[in-house]
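These are the residues of each chain, in order.
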Amino acid sequence: MNSPNEIRVRIDQLEKLLMFDYEPGTEEALFDICDSQGQIVKTGEVSGPVTRVRITDLAGEEYYLMVLDGEISTVKPFQLRRAV
């Protein structure tokens, strides 16, 4: 299912930031970053159009970014070494 709310993820290795482009449809939009086992390692508010998240404390490689925006849930896998 293609969502009109596609997420574009990039990693800034120098600043140790995950940045994702997402324009929230509601004021209460939230994000979770989950590890490969499905455990939430970070959570916060989506501050569109670009949300920045410090990732200095993430030790693994593969993660999932999940955005919860009202009735819409969008999941985007990413790797710390490179954004997909």
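Heads up: the structure comes first, above all this text.
Residues numbered from 1 in each chain as written. Predicted model: local features only at pLDDT ≥ 70, side-chain atom pairs only at ≥ 80, totals over all residues. Heavy atoms only, no water.

*Asks:* What should I look at first to understand unusual backbone geometry in this one?
*Replies:* Generally, phi is negative for residues other than glycine and the peptide bonds are trans, each holding for most cases. In this chain, Gly-48 is followed by Pro-49 through a cis amide linkage whose omega measures 5°. As for its position among the elements, Pro-49 is in the loop between strand 4 (40–45) and strand 5 (50–54). (Helix = DSSP H or I, 4+ residues; strand = E, 2+ residues; numbered from the N terminus.)

*Asks:* It is not clear to me how the pairing of strand 6 (residues 62–69) should be interpreted in this structure. Could you clarify?
*Replies:* Looking along a regular strand, one sees side chains alternate from face to face of the sheet. Along strand 6, the buried face is formed by Tyr-63, Leu-65, Val-67 and Asp-69; none of Glu-62, Tyr-64, Met-66 and Leu-68, which line the opposite face, is buried. Direction of pairing for strand 6 relative to strand 7 (residues 72–79): antiparallel, over a ladder of eight bridges. Note that in strand 7 the partner of Tyr-64 across the bridge is Pro-77. Two successive antiparallel strands, strand 6 and strand 7, enclose a turn made up of two residues, where Gly-70 displays a positive phi of approximately 65°. (Buried < 20%, exposed > 50% of the residue type's maximum accessible area, 1.4 Å probe, protein only. Pairing = 2+ DSSP bridges.)

*Asks:* Before we go on, may I ask you to explain the side chain of Lys-42 in this structure?
*Replies:* With respect to the secondary-structure elements, Lys-42 resides in strand 4. Taking the relative accessible area as the measure of exposure, Lys-42 reaches 18% and is therefore buried. From its side chain, Lys-42 meets the backbone oxygen of Arg-54 in a polar contact 3.3 Å long. Here Asp-57 takes part through its side chain, which lies 3.3 Å from a polar atom of the side chain of Lys-42. Discounting residues that sit within four places of it in the chain, Lys-42 has contacts with Phe-31, Asp-32, Ile-33, Val-53, Arg-54, Ile-55, Asp-57 and Leu-58. (Polar contact = N/O pair within 3.5 Å; in protein donor to acceptor, adjacent residues only side chain to side chain. Contact = heavy atoms within 4.5 Å.)

*Asks:* Please clarify how the packing of aromatic side chains should be interpreted in this entry.
*Replies:* The description of an aromatic ring pair uses the distance of the two centres, along with the angle that the planes make with each other. Overall, the coordinates contain two aromatic pairs when judged by the stated rule. Between Phe-20 and Phe-31, the ring centres sit 5.7 Å apart and the planes meet at 70°, which makes this aromatic pair edge-to-face. Of this pair, Phe-20 sits in strand 2 (residues 17–21) while Phe-31 sits in strand 3 (residues 30–35); the two residues are 11 residues apart in sequence, bridging distant segments of the chain. Across the pair, exposure class does not vary: Phe-20 and Phe-31 are buried alike. Each ring, one from Tyr-63 and one from Phe-78, has its centre 5.9 Å from the other, and the planes form 25°; the classification is stacked. One end of the pair, Tyr-63, is in strand 6; the other, Phe-78, is in strand 7, and 15 residues separate them in sequence. Classification of Phe-78 by relative accessible area gives buried; the value is 1%. (Phe/Tyr/Trp six-rings, centres within 6.5 Å; stacked < 30°, edge-to-face > 60°.)

Function cannot be read off these values alone, since they describe shape.
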